[in-house]
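The residues making up each chain are set out below.
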Amino acid sequence: MPPRKREYDEDDVRVRPGRSSRPRTRTRPKHDDAVDALVITVDRGRYGCVREDAPPDSPIITAMRARELGRKSVVVGDRVALVGDVSGDAGALARIVRIAERTSVLRRTADDDDTTPEGRLERVVVANADQLVIVSALADPQPRTGFIDRCLVAAYDADIEPLLCLTKADLAGPEAVVDYYAELDLPYVLVRPDSDLTELRKRLAGAISVMVGHSGVGKSTLVNRLVPDALRAVGVVSAVGKGRHTSTSAVALRLPVVGKSRKDPGWIIDTPGIRSFGLAHVSAESLLHGFPDLVEGTLDDPPNCGHTAADVDCHLDAWVAAGKADPRRLESYRRLLASRAGETDPRENSGGDDEPGAIIG
Ligand SMILES: Nc1nc2c(ncn2[C@@H]2O[C@H](COP(=O)(O)OP(=O)(O)OP(=O)(O)O)[C@@H](O)[C@H]2O)c(=O)[nH]1
């Protein structure tokens, strides 16, 4: 006679929920011995990390993502927990087992860089930045307010403080740019080849600052002045990163201590290949946060107003006509709205000076 099929009873039912309700973390290694580190480079699945409290000349720890992280991306600026070989010796490899909650995220345009698998999955390019330093030349090339406005929207959206860094102040005065942003209380610093960088360093101290700028504005010159051995740092990374430095990815550089100051001089994140930020994820209302001088003009607009020239009930045109905001600001806002909707080239990354309405001065 075939054995009778076993019938399930309450005991069976009880056992299973008992097991699965056990906290999942208990079944995982706890990594009590993990060390905290900051991700400073990302190159094809290898992450260059440093312990923030370690001396500046400590070696970069190369790490890979532990399987338990799943598909979570790791980006420059992430604060992570490392286990394994954290010595930073040649050939040593650590594992990233945790990523701390991010205080901010900056996203890039989709087409800027897809050299990492994470880049394709998620467009976050820098985590935990406190400040966005928008580097713009006052001449050669002309300042492009369209670009600056786009960066401001990205900064406000990500809850990151913007700082305008106006280079080539030996070639032209800042009046036109400063006047354009008069309503914004936007902090700015001027940089000349011979200027001392004390004011800028003060503003960078104790923070993680992302530097972004068009080609030719003097960003590399400035980064090299701020971190004189930046090239060496990148060279080390290059050796770690399988003999190649990804010029399009972001790199975090520790600012040197100047004089006897005990204050943390901060970090700058250079973004060589990132000319702009994607705004596709930013709503029309959030986009307006980059234009605080226009916000008041929309208070009587109907809900869901698109704020475009085609929205007949939009009050922005009347607001500008009444002299309450600069018409170039409205033009710039609407250009960003249109680029978000895919009506114009959203990249603004060519560096060309012939882009309509994007230039002042
Ligand atoms: N007059 C003047 N020229 C500057 C200043 N800063 C940089 N330059 C010059 O501007 C040119 C471009 O500078 P870079 O530092 O290469 O500019 P970049 O923004 O890094 O440009 P990419 O390398 O294309 O990203 C160089 O010839 C610099 O010597 C400045 O403050 N004043």
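In this text, all values refer to a predicted model and were calculated from it rather than measured experimentally.

S.K.: For this particular structure, what's the right way to read the overall build of the protein chain?
M.R.: Scanning the protein chain from N- to C-terminus turns up 12 helices and 13 strands. Going through the 361 residues of the protein chain one by one, you find that 38% of them count as buried. In the protein chain, the proportion of contacts linking residues at least 24 apart, taken out of those at least 6 apart, comes to 69%.

S.K.: Mind showing me how you'd approach the site of the ligand here?
M.R.: Around the ligand, the surrounding shell holds 15 residues, and the nearest of these are S215, G218, K219, S220 and T221. Among the elements that make up the shell around the ligand, the one with the highest residue count is helix α7 (residues 219-226) (three residues). Of the residues contributing to the shell around the ligand, the split by class is four nonpolar, seven polar and four charged.

S.K.: How should I be thinking about the packing of helix α4 (residues 145-158) against helix α12 (residues 327-340) in this particular structure?
M.R.: Across the interface, α4 lies against α12 with an axial gap of 10 Å and an inter-helix angle of 65°. In this view, α4 runs roughly perpendicular relative to α12, as classed from their interaxial angle. For the pair α4 and α12, the sense of crossing is right-handed. Here α4 contributes T145, G146, D149, R150 and V153 to the contact with α12, which in turn contributes S332, R335 and L336. Its residues assigned to classes, the contact of α4 with α12 shows two nonpolar, three polar and three charged.

S.K.: Where do I start with the sheet that holds strand β3 (residues 61-65) in this structure?
M.R.: Think of a sheet as strands paired side by side through backbone hydrogen bonds, with each pair either parallel or antiparallel. Within the closed barrel, the five strands sit side by side as β1-β2-β3-β5-β4. Their pairing is mixed. Averaged over all pairs of adjacent strands, the angle between strand axes in this sheet comes to 55°, irrespective of strand direction. Taken together, the five bridges between strand β1 (residues 35-43) and strand β2 (residues 46-50) define a ladder with antiparallel strand orientation. Considered in β2, the bridge of L38 is made with V50.

S.K.: How do you make sense of the sheet that holds strand β10 (residues 188-190) when you look at a structure like this?
M.R.: Taken together, the six strands give an open sheet; going across it, the order is β10-β9-β8-β11-β13-β12, and neighbouring strands pair in mixed fashion. Single-partner strands in this sheet number two, and they are β10 and β12 (251-254). For this sheet, the mean angle separating the axes of adjacent strands, direction not counted, is 25°. Packed onto the sheet, α4 meets β8 (131-137), β9 (161-167) and β11 (208-213) and runs at close to 180° relative to β8.

S.K.: In this structure, what is going on with the domain arrangement of the protein chain? I would like to understand it.
M.R.: Bring the parts together and some accessible area is lost; that lost area is often taken as the interface size. As assigned here, the protein chain comprises domain 1 (35-103), domain 2 (124-270) and domain 3 (284-340). Computed from C-alpha coordinates alone, the two centres of domain 1 and domain 3 are separated by 43 Å.

S.K.: Honestly, the nonpolar core in this entry has me stumped. Any pointers?
M.R.: Nonpolar side chains tend to gather and get buried jointly when the protein is soluble and globular. Formed by 81 residues in total, the largest nonpolar core has its most connected members in C49 and I269. Sorting elements by how many residues they give to this core places α4 first, with nine residues. Sequence-distant contacts of C49, that is, excluding residues within four places in its chain, are made with A37, L38, V39, I40, I60, I61, A63, V80 and L82.

S.K.: Is there a simple way to explain the pairing of β8 in this structure?
M.R.: Two faces belong to every sheet, and in a regular strand the side chains alternate between them. Of all seven residues in β8, seven are buried, a share of seventy percent or more. What you see with β8 is no split at all: Q131, V133, V135 and A137 on one side and L132, I134 and S136 on the other are buried throughout. In the classification by handedness, the crossover that spans β8, the intervening α4 and the parallel β9 is right-handed. With five bridges joining them, β8 and β11 adopt parallel strand pairing. By the bridge assignment, Q131 is partnered in β11 with S209.

S.K.: So what exactly am I meant to see when it comes to the confidence of the model for the protein chain here?
M.R.: On average, residues of the protein chain carry a pLDDT of 81, and 75% of them reach 70 or more. This stretch, residues 111-122, has a pLDDT under 50; its non-local contacts, to residues over four places away or in other chains, come to 23 contacts. Here the prediction assigns the complex a pTM of 0.82, and the interface score ipTM is 0.97.

S.K.: What's the story with α7 in this structure? I'm lost.
M.R.: Owing to its 3.6 residues per turn, the α-helix brings residues three or four apart onto one side. For α7, the set of buried residues is K219, L222, V223 and L226. Taken around the axis of α7, the buried residues stretch over an arc of 100°, which confines them to a single face.

S.K.: What's the story with unusual backbone geometry in this structure? I'm lost.
M.R.: What is expected of a backbone is that most residues other than glycine have negative phi and most peptide bonds are trans. Residue P141 is reached from D140 by a cis peptide bond, and omega for that bond is 0°. Within the secondary structure layout, P141 lies in the loop between β8 and α4. Residue D185 is not a glycine yet carries a positive backbone phi of 55°. Within the secondary structure layout, D185 lies in the loop between α5 (175-180) and β10. Residue D185 is classed as exposed on the basis of its 7 C-beta neighbours within 10 Å. With a phi close to 60°, H307 is a non-glycine residue in the positive phi region. The residue H307 is located in the loop between α10 (292-295) and α11 (316-321) in this model. Residue class for H307 comes out buried when judged on the 22 C-beta atoms lying within 10 Å of it.

S.K.: Teacher, can you tell me more about α12 here?
M.R.: Here α12 is 14 residues long and its end C-alpha atoms lie 20 Å apart, about the 20 Å a rise of 1.5 Å per residue gives. For α12, every residue scored as buried is listed here: R329, L330, S332, Y333, R335 and L336. Buried residues along α12 sit against α4, α9 (284-288), α10 and α11.

The rules behind each value
Residues numbered from 1 in each chain as written. Predicted model: local features only at pLDDT ≥ 70, side-chain atom pairs only at ≥ 80, totals over all residues. Helix = DSSP H or I, 4+ residues; strand = E, 2+ residues; numbered from the N terminus. Buried ≥ 20, exposed ≤ 12 C-beta atoms within 10 Å, placed from the backbone. Contact = placed C-beta atoms within 7 Å. Near = placed C-beta within 6 Å. Nonpolar A, V, L, I, M, F, W, Y, C, P; charged D, E, K, R; others polar. Axes fitted to C-alpha atoms, helices over the stretch in contact; angles between N-to-C directions. Parallel < 35°, antiparallel > 145°, perpendicular 65-115°, else oblique. Left-handed = near helix turned anticlockwise from the far one by under 90°. Pairing = 2+ DSSP bridges. Domains from an automatic or database assignment. Core = buried A, V, L, I, M, F, W, Y, C linked by C-beta atoms within 7 Å. Right-handed = clockwise from strand over helix to strand, strands pointing away. pLDDT = per-residue confidence, 0-100. Arc of directions from axis to C-beta. Expected span 1.5 Å × (residues − 1).

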